[in-house]
Amino acid sequence: MNSGSSRYLEIDVLRTLAIFSMVFVHFCENLAGVTPPFTGFGAPLFAFLSGASYHLWRSAQERRGRAESEIAKATIRRGLFLLGLGFAFNIFVWLPEDTFNWDVLSFLGVAWMSLELVRRWPLPVLAFAALVIYALSPVARGIADYPAYWTAGYFDPDLCLSDVLLGALVTGYFPLLPWIVYPWVGYAIGSTLFGTAERAGSARLAQRSGTALVVVAGTLLFLQQRWPALLPRGARDAWTMFPPSLAYVAGSLGLAMLVLAWLPRVLPNGDHRTARTLQLVARTFSRHALTLYLLHHVVHLWPLWIAAGLDGEEPTAYWRAASSTPAAGLLAACFLIASYAGLRWMDRHGRRGIEDLMRWLCD
Amino acid sequence: MSDLPNLPAGSERVAIGFTAEEAPSGAVLLLVDAATKRRAVARATEPRESFTPGAGAGVDLELWLVPTSGESREEEELLVEALRAELAAAGERDRAAPPPPVVVALQSAYVLWSPGVLVLLSPRERWLALRRAAIDAAFVIGELRAIEEAVEATWPELEADASLAFESSERALPRRDELRARFSRVLALRMRLSRLAPRALLPHVHPPTLASQLAERLRERARLPERLEHLREKLELQFQAVELASQRFSDYALARTGHSLEWVIIVLLAGQTILLLVELLAGYGAA
């Protein structure tokens, strides 16, 4: 934990890495049409950290003496806020036909509400439930005929109730099966790591579990390469984010757990300059992660839609074809530097971001 | 030989430790507790020029034996008064609010007692009998004081965890060892008190001797019966609290195991329901 504050530096650093990864991936994909090699790590980290953050947020509320029912209501309000924000984001940043594509914000809203239920479960039950969801996901994708809802690598459902619900459950960008596993496991790891005085033992447990998951992912990938016939049909996907294959979920979750348990050992602590700079940067990006998530989409997507509109083209005419890869990477770096300066200015002058709006409305 | 300059020649100081060691270092003076096999053992001491209660490792009681001739009552009373003042000053050096030293005058003997220090003034030929009685009484009083201090030290943590006597929770589970240790501690204190009670409430010996009267007077002056009664009440309350907390904890842990199994079944059923729902929705889509 940072001296003098209730923030954990390892969480701030991980969330900063997640937002950096997302910004670079989205700029490169949407402007240059290139998928960087580190694609697919940002969203799992975000989802995993949302579970750990829920535990910390809830503990802080309890320490302040808020009643159980009040905390439950605030949790649901926050979940609904994120869900609504997700729909608004889909409409205004993407296009109205993408309202129900079940992007990461809508997913996090539902996940946040589900944590209010699963936090009551003993940790072994929570782990078992996560395992059941993990194992059922490929089966559910098979039943739903997942590829039928995807066209040229994009989720493309009909606007009818069954497709919308199936999108939320199985076939969307971030469906509950299996993505809900990340915040649930994040909550379990958060309550183990940050809820007990015996931190070293909890860190060892997290590292062992993370290592086991990475080994499972490696084994699945190895079998898929060498002897795919040994695996059930639903488990034959390689490392894919859409659909989230078994190897991908186990590997990304295991890595997130390993890094969260390992980071406190390597991060600089104390009061020297490097530590203070790292704390300041990580805290700034982490505190405003939601604002940055929304802002970076607006900054790099709206100009594409507007330019196409002005040229009398389809709105998506310049999408994935607007710049070269180096230019997209440079723009992403410029965006991060400019947003750091902007966020520091906001902090100094007490300006509010979307996180503050959520707290004001929901807490 | 006396260490204190104002004590008469021939005075002796004995540093006593109450120990259950198999082979204690020093002469065994008395078996003070048969249940725990604790004995009063004379410890080696360095000469000193003031009363310092409880000084030295393994020293529980300092016994000062001062010979009197029994010829001049007035001189003896002056000496007792001087020693009383010395003891009070030593107590003030050692504690913030010390109890005043207890002075017992008995026929040809005087006893001055302050926690950790006992001064016995009597003719030399009575020292042996009086010493045994004084050590025994000092052990009982010291033991009672130790239990009182342990009981007082337990209140803050008991008050902080009072809610656990009503219901246990998930958050209490990691504190299993802590609760178990507290339960054991309070139970051990009750046992110590039960063993001590018959010795603290001894009936008067008949026919009385100087030694028996000394022990009785010391017990009376130390208000042993009243303190014992208060201690019993406090320990009863503390034991009820830890017993209730332990019961709630045990009930919760037991129920939790059952609930976990129920949740596992619910999770499996929910998984099956989700698959059915997906099948149903996919069927609608296809239609």
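Quantities reported herein were computed from a predicted structural model and do not represent experimental measurements.

Scoring rules and cut-offs
- Residues numbered from 1 in each chain as written.
- Chains lettered and ligands numbered in written order.
- Predicted model: local features only at pLDDT ≥ 70, side-chain atom pairs only at ≥ 80, totals over all residues.
- Helix = DSSP H or I, 4+ residues; strand = E, 2+ residues; numbered from the N terminus.
- Rg over C-alpha atoms; globule rule 2.2 N^0.38 Å.
- Buried ≥ 20, exposed ≤ 12 C-beta atoms within 10 Å, placed from the backbone.
- Expected span 1.5 Å × (residues − 1).
- Domains from an automatic or database assignment.
- Contact = placed C-beta atoms within 7 Å.
- Nonpolar A, V, L, I, M, F, W, Y, C, P; charged D, E, K, R; others polar.
- Axes fitted to C-alpha atoms, helices over the stretch in contact; angles between N-to-C directions.
- Parallel < 35°, antiparallel > 145°, perpendicular 65-115°, else oblique.
- Left-handed = near helix turned anticlockwise from the far one by under 90°.
- Pairing = 2+ DSSP bridges.
- Core = buried A, V, L, I, M, F, W, Y, C linked by C-beta atoms within 7 Å.

A few words on the overall build of chain A. Within chain A one finds 14 helices and two strands. A globule of 363 residues ought to have a C-alpha radius of gyration of about 21 Å, and chain A, at 20 Å, matches this closely. Across its three principal axes, chain A shows a C-alpha extent of roughly 60 × 55 × 40 Å. Out of the 363 residues in chain A, the part that is buried amounts to 40%.

This part covers the overall build of chain B. Looking only at helices and strands, one finds five helices and seven strands in chain B. Each helix and strand of chain B, placed in order from N terminus to C terminus, yields the pattern β-β-β-β-α-β-β-β-α-α-α-α. In terms of overall size, chain B is more extended than a compact globule, its C-alpha atoms giving a radius of gyration of 30 Å where 287 residues would be expected to give roughly 19 Å. Considering chain B as a whole, with its 287 residues, one finds that 30% of them fall into the buried category.

It is worth spelling out helix H2 (residues 42-63) of chain A at this point. Helix length check: H2(A) (22 residues) gives 31 Å between terminal C-alpha atoms against 32 Å at 1.5 Å per residue, within 8%. A positive phi of about 85° marks Gly65(A), the residue just after H2(A).

Often, the extent of an interface is quoted as the loss of accessible area on bringing the components together. Residues and elements named next belong to chain B. Split by domain assignment, chain B resolves into domain 1 (12-122) and domain 2 (130-259). A separation of 26 Å is found between the C-alpha centroids of domain 1 and domain 2. Counting residues at the interface gives 22 residues for domain 1, matched by 17 residues for domain 2. Residue assignment for the side of domain 1 that touches domain 2 shows that the elements contributing at least two residues are strand S1 (12-19), strand S2 (28-33), strand S4 (61-67), strand S5 (102-106), strand S6 (109-114) and strand S7 (117-122). A per-class count over the side of domain 1 that touches domain 2 returns 19 nonpolar, two polar and one charged.

Moving on, we come to the packing of helix H1 (residues 9-32) of chain A against helix H13 (residues 325-349) of chain A. Residue and element names in this part refer to chain A. Two numbers describe how H1 lies on H13: the axes approach to 9 Å, and their chain directions differ by 140°. Overall, the two elements H1 and H13 adopt an arrangement that is oblique. The hand of the H1/H13 crossing is right-handed. Across the interface between the two elements, Phe-20, Val-23, Phe-24, Phe-27, Cys-28, Leu-31 and Ala-32 of H1 pack against Thr-325, Ala-328, Gly-329, Leu-331, Ala-332, Phe-335 and Leu-336 of H13. Its residues placed into classes, the contact of H1 with H13 shows twelve nonpolar, two polar and no charged.

Right, let's talk about the sheet that holds S1(B) for a bit. All names here are of chain B. Judged by pairing direction, the sheet is mixed, and its seven strands sit side by side in the order S2-S3-S1-S4-S7-S6-S5 without closing on themselves. Sheet topology places S2 and S5 at the edges, where each strand pairs with a single neighbour. Each adjacent strand pair in this sheet contributes to an overall mean axis angle of 20°, direction not counted. Here S6 runs beside S7; their pairing, made up of five bridges, is antiparallel. When the bridges of S7 are listed, Tyr-110 appears paired with Leu-121. Strands S5 and S6 of the sheet are contacted by helix H4 (residues 210-221), whose axis makes an angle of about 150° with S5.

Okay, the nonpolar core next. In terms of nonpolar packing, the biggest core is built from 97 residues, with Phe48(A), Val181(A), Trp184(A), Val185(A), Leu253(A) and Val278(B) touching the most fellow members. Sorting elements by how many residues they give to this core places H1(A) first, with 14 residues. The contact partners of Leu253(A), leaving out residues within four places of it in the chain, are Pro44(A), Phe48(A), Val181(A), Tyr182(A), Val185(A) and Leu213(A). Counting residues in hydrophobic clusters, the runner-up holds 56 residues, among them Leu87(B), Val119(B), Leu120(B) and Val186(B).

Time to look at the interface of chain B and chain A. Tallying the contact residues gives 16 residues for chain B and 20 residues for chain A. Of the residues belonging to the side of chain B that touches chain A, the class tally is eleven nonpolar, three polar and two charged.

With that settled, consider the environment of Ala15(B). Residues and elements named next belong to chain B. With respect to the secondary-structure elements, Ala-15 resides in strand S1. Judged by local crowding, Ala-15 falls into the buried class, with 21 C-beta atoms found within 10 Å. Between the alpha carbons of Ala-15 and Ser-184 there is a distance of 32 Å; along the sequence they are 169 residues apart.

Residues and elements named next belong to chain A. Following both chains from N to C, one finds H1 and helix H11 (residues 273-287) inclined at 65°, their axes separated by 8 Å at the closest point. Of the two elements, H1 crosses H11, and the hand of that crossing is left-handed. In this structure, H1 uses Leu-9, Ile-11, Asp-12, Val-13, Arg-15, Thr-16 and Ile-19 to contact H11, whose residues at the interface are Gln-279, Ala-282, Arg-283, Phe-285 and Ser-286. Considering only residue class, the contact of H1 with H11 consists of six nonpolar, three polar and three charged.

The next thing to look at is unusual backbone geometry. Where the residue is not glycine, phi is negative for most of them; where a peptide bond is considered, it is trans in most cases. All names here are of chain A. Residue Leu-177 is joined to Pro-178 through a cis peptide bond whose omega torsion reads 5°. As for its placement among the helices and strands, Pro-178 is situated in helix H7 (residues 176-179). In this structure, the amide linkage connecting Phe-242 to the following residue, Pro-243, adopts the cis form with an omega of 5°. Within the element layout of this structure, Pro-243 appears in the loop between helix H9 (199-226) and helix H10 (246-266). Although it is not a glycine, Trp-102 sits at a positive phi angle of roughly 55°. Tracing the sequence through the fold places Trp-102 in the loop between helix H3 (68-92) and helix H4 (104-118). Exposure remark for Trp-102: the 28 C-beta atoms within 10 Å place this residue in the buried category. For Ala-152, which is not glycine, the phi torsion reads 50° and is therefore positive. Its location among the elements puts Ala-152 in the loop between strand S1 (150-151) and strand S2 (154-155). On the basis of neighbour counts, which here come to 5 C-beta atoms within 10 Å, the residue Ala-152 falls in the exposed class.

Residue and element names in this part refer to chain A. Checked against the element boundaries, Leu-45 lands in helix H2. Counting along the chain gives 208 residues from Leu-45 to Leu-253, while the straight-line C-alpha distance between them is 7.9 Å. Leave out the neighbours within four places in its chain, and Leu-45 touches Leu-14, Leu-17, Ala-18 and Ala-256.

Residue and element names in this part refer to chain A. Tracing the backbone shows Pro-138 in helix H5 (residues 123-144). Expressed as a C-alpha distance, the spacing of Pro-138 and His-272, which sit 134 residues apart in the sequence, is 49 Å. Here Pro-138 is in contact with Gly-234, Ala-235 and Leu-246, once residues within four sequence places are set aside.

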